[in-house]
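# Residue-level structure breakdown
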Amino acid sequence: MFCIIVKTQLKPGQRERFLEAMLPNAAASVREEPGCHVFDVLEDQQDPNLFYLYEIYRDEAALAEHKQTPHYQASREVVNPLIEQQSVIRAGVLATSPEVRRP
């Protein structure tokens, strides 16, 4: 399996707009994409404009498929202008919680 961790620093005052776009995208990703196993949206406890996305996919091809979905593309239209800075960690998954099974 394959994981990305996306660190997103928003421009000040953009938290609500970000969540209005990102939370439905996360839910649709897990619900509608067989290759998306986990899509968690995490907020920093000290900085209200800092978020982390923790996503687990079957493989890198499933992530590429995710980026072609209407819900992803719609969320990016809203979210891109809100971002001050963003970085991505790409990693292989060695172990997960019991809810996520290796294929």
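See the structure above.
Scoring rules and cut-offs
- Residues numbered from 1 in each chain as written.
- Predicted model: local features only at pLDDT ≥ 70, side-chain atom pairs only at ≥ 80, totals over all residues.
- Heavy atoms only, no water.
- 1 Å grid on protein atoms, 1.4 Å probe; cavity = no way out; pocket = protein on both sides within 12 Å on 5 of 7 lines; lining within 4 Å.
- Points joined across faces, edges and corners; volume = space filled by probe spheres on them.
- Helix = DSSP H or I, 4+ residues; strand = E, 2+ residues; numbered from the N terminus.
- Nonpolar A, V, L, I, M, F, W, Y, C, P; charged D, E, K, R; others polar.
- Pairing = 2+ DSSP bridges.

### Here we look at the layout of surface pockets
Quantified by volume, the largest pocket comes out at close to 190 Å³. For the largest pocket, the lining is made up of 15 residues, of which Ile4, Val6, Glu55, Tyr72 and Arg76 are closest to its centre. When residues in the lining of the largest pocket are grouped by element, the largest group, three residues, is from strand β4 (residues 83–92). Considered class by class, the residues forming the lining of the largest pocket number eight nonpolar, three polar and four charged.

### Section: the pairing of strand β2 (residues 36–43)
Sheet topology note: the β2/strand β3 (residues 50–57) ladder contains seven bridges and is antiparallel. Across the sheet, Cys36 pairs through a bridge with Tyr57, a residue of β3. Linking β2 back to β3 in an antiparallel pair, the connection comprises six residues.

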